[in-house]
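Here is what each chain is made of, one letter per residue.
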Amino acid sequence: MLTAARSATLESMRSEVVGRAVTPADPKLIRYLQASMGALPHEILRALFLDGSRRVIGDEQMQHGTIGQLTVHARVIFRRALELNAAGVILVHNHPSGDPTPSRGDIDVTERLVSIGYALDVALLEHIVVTSTKHSLILHRRARAKRRPPERLRDSAADPNDATLALANARRTARRRLLRRQLVGADECFGEPAWDILIDLFIHEAQGRAVSTSSACIASGLPTSSAQRLLQRLCDAGLLVREADRDDGRRTHIRLSPDLAHRLTAYFAAGED
């Protein structure tokens, strides 16, 4: 009866968290975490995945053991965040000792995960340490000056036609796609050859650099013959334009059509991915 009563209580507390907007300091969230894992005799790591409105869309145990092993599981945490299309993550682990003070290892691991999350545009909102009666917020405790600024480039887009901002955001998008491939380790899940070509062309043109047809083929990640066919389809659709190299008649340059270049500038200036 006691076990059933406890399960019912935890489920009631969980219903007040999952599917709702929360903050790391939300009293209901803290009480739920303390009740569900604060008194456990061993450490576990848990992740709450949040959407763009800070609603909890996932509550999952990620690791059983010590927090010192967390660096090995960063791939698992962020792969799951990408699968859920989460905008943010709140990590939680318990201290069986009863002292919620974060260790040096807790802090170091948290800061590394903040950096990884920032690159992937998945914000690590907080790392909470709980016991049965107390808790500690690691990021809240850290000096603000030592934390990476939370602002995104998209937040500063006053002019949708700002070419400088568009270039910076396009670079960020290209970097994120590369990091996602490296982190997840499954290129086939992120293969969008046409989009990769357009991003690469946009970045080069924004820098005033011409792109040869062969370089564009490399950017697609496809075999040369397949990449050339894709480029031809994009040209036929009026998205790309071929131009002869004035300095070398044997070489052909490829560029975005003026209309597409204008639309991509507005797209990236708005911070889209």
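In case you missed it, the structure is sitting above this.
Residues numbered from 1 in each chain as written. Predicted model: local features only at pLDDT ≥ 70, side-chain atom pairs only at ≥ 80, totals over all residues. Heavy atoms only, no water.

**Quick word on the pairing of strand β3 (residues 88-94)**
Working step 1: Taking burial as the measure, the seven residues of β3 include seven buried ones, the bulk of the element.
Working step 2: By the alternation rule, side chains of β3 split into Gly 88, Ile 90, Val 92 and Asn 94 and Val 89, Leu 91 and His 93, which are all buried.
Working step 3: Summarising the sheet, strand β1 (residues 44-50) and β3 pair through six bridges and their orientation is antiparallel. From the neighbouring strand, Ala 47 faces β3, where its bridge partner is Leu 91.
Working step 4: Here seven bridges tie β3 to strand β4 (residues 123-130), and the two strands are oriented parallel to one another. Paired with Gly 88 across the two strands is Ala 123, which belongs to β4.
Working step 5: In terms of handedness, the path from β3 via helix α4 (residues 104-120) over to β4 forms a crossover that is right-handed. (Buried < 20%, exposed > 50% of the residue type's maximum accessible area, 1.4 Å probe, protein only. Helix = DSSP H or I, 4+ residues; strand = E, 2+ residues; numbered from the N terminus. Pairing = 2+ DSSP bridges. Right-handed = clockwise from strand over helix to strand, strands pointing away.)

**Description of the packing of helix α7 (residues 193-206) against helix α10 (residues 258-269)**
Working step 1: At a closest axis distance of 11 Å, the pairing of α7 and α10 adopts a crossing angle of 90°. With respect to α10, the element α7 is oriented roughly perpendicular. For the pair α7 and α10, contact is made by Trp 195, Leu 198, Ile 199 and Phe 202 and by Leu 260, Ala 261, Leu 264, Thr 265, Tyr 267 and Phe 268, respectively.
Working step 2: Residue composition of the contact of α7 with α10, by class: nine nonpolar, one polar and no charged. (Axes fitted to C-alpha atoms, helices over the stretch in contact; angles between N-to-C directions. Parallel < 35°, antiparallel > 145°, perpendicular 65-115°, else oblique. Contact = heavy atoms within 4.5 Å. Nonpolar A, V, L, I, M, F, W, Y, C, P; charged D, E, K, R; others polar.)

**Looking at unusual backbone geometry**
Working step 1: Residues other than glycine seldom take positive phi values, yet Arg 54 does so here, at roughly 65°.
Working step 2: For Arg 54, the position within the fold is in the loop between β1 and β2 (56-64).
Working step 3: Judged by relative accessible area, which is 40%, Arg 54 ranks as partly exposed.

**Let's talk about the environment of Thr 110**
Working step 1: Assignment of secondary structure puts Thr 110 in helix α4.
Working step 2: Note: C-alpha distance between Thr 110 and Glu 126 (16 residues apart in sequence) is 8.5 Å.
Working step 3: Setting aside anything within four residues of it in sequence, one finds Thr 110 in contact with Leu 124, His 127, Ile 138 and Leu 139.
Working step 4: Reaching out from Thr 110, the side chain makes a polar contact with the side chain of His 127 at a distance of 2.7 Å. (Polar contact = N/O pair within 3.5 Å; in protein donor to acceptor, adjacent residues only side chain to side chain.)

**What to know about the packing of α7 against helix α9 (residues 224-236)**
Working step 1: Close contact between α7 and α9 brings their axes to 11 Å; oriented N to C, the two are set at 70°. In terms of axis orientation, α7 runs roughly perpendicular to α9. For the pair formed by α7 and α9, the contact residues are Pro 193, Ala 194 and Ile 197 on the first element and Leu 230, Leu 231 and Leu 234 on the second.
Working step 2: Its residues assigned to classes, the contact of α7 with α9 shows six nonpolar, no polar and no charged.

**Some points on the pattern of salt bridges**
Working step 1: The tally for this structure, following the rule as stated, stands at seven salt bridges.
Working step 2: For Glu 60, the salt bridge is made with Arg 80, and the minimal N-O distance between the two is 2.8 Å. Taken together, the positions of Glu 60 in strand β2 and Arg 80 in helix α3 (residues 74-83) put the pair 20 residues apart, joining distant regions of the chain.
Working step 3: Among the residues examined, Glu 60 registers a relative accessible area of 22% and is labelled partly exposed.
Working step 4: Judged by its relative accessible area of 26%, Arg 80 is partly exposed.
Working step 5: With its nearest N and O atoms 2.9 Å apart, the salt bridge here joins Asp 259 to Arg 263. In this pair, Asp 259 and Arg 263 both sit in helix α10, four residues apart, roughly one turn of the helix. (Salt bridge = Lys/Arg side-chain N within 4 Å of Asp/Glu carboxyl O.)

**Side note on the sheet that holds strand β8 (residues 252-256)**
Working step 1: Read from one edge of the open sheet, three strands run β6-β8-β7, paired in antiparallel fashion. Looking at the sheet topology across the chains shown, the edges are occupied by β6 (211-212) and β7 (240-244).
Working step 2: Across five bridges, the pairing between β7 and β8 is antiparallel. Residue Arg 242 lies in a different strand from β8, and its bridge partner there is Ile 254.

**Some remarks on the side chain of Ser 212**
Working step 1: Positionally, Ser 212 belongs in strand β6.
Working step 2: When its relative accessible area of 9% is taken as the criterion, Ser 212 is described as buried.
Working step 3: Only 3.1 Å separates the side chain of Ser 212 from the side chain of Ser 214, close enough to count as a polar contact.
Working step 4: Beyond its immediate stretch of four places on either side in the chain, Ser 212 contacts Arg 251, Thr 252, His 253 and Ile 254.

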